Structure formats: structure tokens, C-alpha cells
Amino acid sequence: MIFLHGWPSISLMWRAQMNAFAADGWRCVAPDLRGFGCSSAPAAADAYAIQEVVADMAELHDHLGGQPAIWVSHDWGVVVAAELAAHEPQRSRGVVLTSLAYQPEGHALRTVVPLVDRTIYPADQYPDGQWDYYRYYTTHFDAAVADLDADEAASLASIFRRGDPAGVGQVSPNAVVTRNGGRFGAAHRAPPTEPDPALWPPADFEVLVQAFKAHGFRPSCAWYLNDDANIAYARKAPNDGRLSQPVLFVNGDFDQICSITGNRQGDPMRATCADLTVTSIPSGHWLPLERKAELIQAIRTWLKIKSL
């Protein structure tokens, strides 16, 4: 069972799930993806195209013996796991996608913005909907990175917050990043924020902070700069990116960016996965951290039902 984190995270985010499934008898592995944690952090932005990271994971998988695995993923890790399953299906017995739906034409602004719920985000006011923060990376990359790097600990503590049910159906703060002049507005740095110990155990949060102090946010944010390459790579997948393996999608009900409830964001995934199970958990975007036990149970149930 191989666990793939997203932005802005490291492999330690999977501690609870790895401990649980290791106790069940699974061999559990969680790498730091390139640009994160202790992995390499190339300077070139195109080093963070999904095809490059999939190649990393294929090499890791070969090193581990190459037997078909269960791939468990979150956020950008979902993009890697799904594209790996699409391009090299022999590597996967099943795929768990958490919080972010698979986009068979590639995860990019051109594929996700057309799926925005325009009842919440009228096009004339919010052309990119909740994905405005993504657009900001492509238009103001150096400024976006500088704001995050101004205080790594406060940036991470402010980003990793629990979901709020009151935010459902409301405009996300991520939709107004451009008009505010950045994630943190005119201050250009995160406000002093205490980390939430319910999400990250304090010792693990300190490891996370030190990882971002080592490389800064530039490598991990460069993942947002490869839309053309990622779309081109997705289009090379056999069978139009259809996934034949069992797929579990775990939705966060309070996720203002990625929830597939009440909108069209999950439609391409539903049309492309031959054996899709969808379950929802009352959580924000950081579901593997916020609802550790519930995610473990959802995966265990799915593994049993699918005889994996």
C-alpha cells in the first residue's frame, strides 16, 4: 500500500493510516514526492510535471518489487496516483483518491474551471471560481512563493485548518486571492497562527515546518505551472484515461475547493472509472488528517467489499 501526499505536505501526513494498515498486515510505504520533504527539489519548474513524478513512483514501485499495489492519495497525490493507474495499470490493484476527483484529461485550469458551480461563482465576478488561487500561481508565481516563505510555520498552520460546515455553498477565500493581492492580502505573510494538534501531532508538524524551511515553497508550488504538459501527458493514456481497477473516491463534505457534492466536478471521474465507489465524510480538504479514523474505516470497508 503506497501513500501519496499532496500540497503542502510530506509523507508523515499518513502516519495514522500507515500504522493502521501495517497492523492489518499491509506493507506500507509513503514517499516524499519531488519538491517536498527529504526528496530532491530541482530548480526547473518543468521538473514538476506529473509525467516526471509518475516516473519517480514507477521507479520506486520497481524498487519495492513491482507487484500490483493499492495506491492511496490526497490532493496532488491524487493526480499522480490516477495518472499512474491510467498509464501503467499493471502497477495497481486498486486506487484510493481522497478529496480531489480524477480528471482524465489532466488536472489543469482548462479542465477544472469549466466544472465550477456558477450558482456560487458567477463567471463575471469569479472567472476561475474557487480555482483563482491556482491562477494566481500562474500569473504571480514569485509573489505567491514569497508570501508563503515569509513565515513557513505560520503559513503551514494557517493552511492546515479543519473544515467548517458553514462554508458549504459560500464563496471560498481561495476564490479571491487575485483581487486581494495574494493569499495573505496586503500583509504578504501569514498571520501568527497556532497549528492545530488534532490535524498534525506537534512533533510531526515540526518536521513539516523544517522541510519547508529547507527548500522553501518554490519547488512544491511549481507543481501548478505545468498545465500544458500535464494535459498532453493525460491525453497519451490508453483508453482515454479510463481506469479499470477498483477506485474509491473519498469526498470531504466541507471542502470548498474540491467537494463533488452538488456540482459537476466529479462527472469526468464517474464517466471514466469502470468500478467507482464514492463515499463522503464530514470534513474539510485535509481529510486524511482531520478524519483519520473515518478514512481508515472507509478504506478497510472498500478493501473487504472488493476483495483486495
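Above this text is the structure in question.
About the thresholds
Residues numbered from 1 in each chain as written. Predicted model: local features only at pLDDT ≥ 70, side-chain atom pairs only at ≥ 80, totals over all residues. Heavy atoms only, no water. Salt bridge = Lys/Arg side-chain N within 4 Å of Asp/Glu carboxyl O. Helix = DSSP H or I, 4+ residues; strand = E, 2+ residues; numbered from the N terminus. Buried < 20%, exposed > 50% of the residue type's maximum accessible area, 1.4 Å probe, protein only. Phe/Tyr/Trp six-rings, centres within 6.5 Å; stacked < 30°, edge-to-face > 60°. Axes fitted to C-alpha atoms, helices over the stretch in contact; angles between N-to-C directions. Parallel < 35°, antiparallel > 145°, perpendicular 65-115°, else oblique. Left-handed = near helix turned anticlockwise from the far one by under 90°. Contact = heavy atoms within 4.5 Å. Nonpolar A, V, L, I, M, F, W, Y, C, P; charged D, E, K, R; others polar.

K.L.:
Quick question: what am I supposed to make of the pattern of salt bridges here?
P.N.:
Side chains bearing opposite charge may pair, as long as their charged atoms lie close to each other. If you walk through the whole model with that rule in mind, you get 14 salt bridges. Residue E88 is joined to R91 by a salt bridge in which the shortest nitrogen-to-oxygen separation is 2.6 Å. The salt bridge involving R162 is made with D196; its shortest N-O contact spans 2.7 Å. Here R162, found in the loop between α7 (152-159) and α8 (177-180), pairs with D196, found in the loop between α8 and α9 (202-215); they are 34 residues apart in sequence, far enough to count as distant. Under the relative-accessibility criterion, D196 is labelled buried at 11%. Through salt bridges with shared partners, a single ionic network connects D62, E88 and R91.

K.L.:
Quick question: what am I supposed to make of the packing of aromatic side chains here?
P.N.:
The relation between two aromatic rings is expressed through the spacing of the ring centres and the mutual angle of the planes. Across all of its chains, the model carries 18 aromatic pairs by this definition. Measuring from ring centre to ring centre gives 6.3 Å for W7 and Y224, while their planes differ by 85°; the resulting arrangement is edge-to-face. With W7 in the loop between β1 (2-4) and α1 (15-23) and Y224 in the loop between α10 (218-221) and α11 (227-235), this pair connects stretches of sequence that are 217 residues apart. Neither W7 nor Y224 differs from the other in exposure class; each is buried. Linked through ring pairs, W7, F36, W76, W131, Y133, Y134, Y137, F212, F217, W223 and Y224 together constitute an aromatic cluster.

K.L.:
What should I look at first to understand unusual backbone geometry in this one?
P.N.:
For residues besides glycine, phi is generally negative; the peptide bonds are generally trans as well. With omega at -10°, the peptide bond leading from W7 into P8 counts as cis. Mapped onto the fold, P8 is located in the loop between β1 and α1. Despite not being glycine, D75 shows a phi value in the positive range, around 60°. Considering the arrangement of structural elements, one finds D75 in the loop between β2 (69-74) and α3 (76-87). Residue classification places D75 among the buried positions, given a relative accessible area of 10%. Phi is positive for S99, which is not a glycine, with a value near 80°. Position of S99 relative to the elements: it lies in the loop between β3 (92-98) and α4 (109-112).

K.L.:
Which parts of the structure should I look at to understand the packing of α7 against α9?
P.N.:
Between two packed helices, the angle of one axis relative to the other and the distance separating the axes together describe the packing. Where α7 meets α9, the closest approach of the two axes is 9 Å, and the angle between their N-to-C directions is 125°. Looking at the two axes, α7 sits oblique to α9. For the element pair α7 and α9, the recorded crossing hand is right-handed. Residue-level inspection shows E152, A153, L156 and A157 of α7 in contact with α9, the latter providing F205, L208, V209, F212 and K213. Class assignment of the residues belonging to the contact of α7 with α9 gives a composition of seven nonpolar, no polar and two charged.

Bear in mind that shape data such as this cannot, by itself, settle questions of function.
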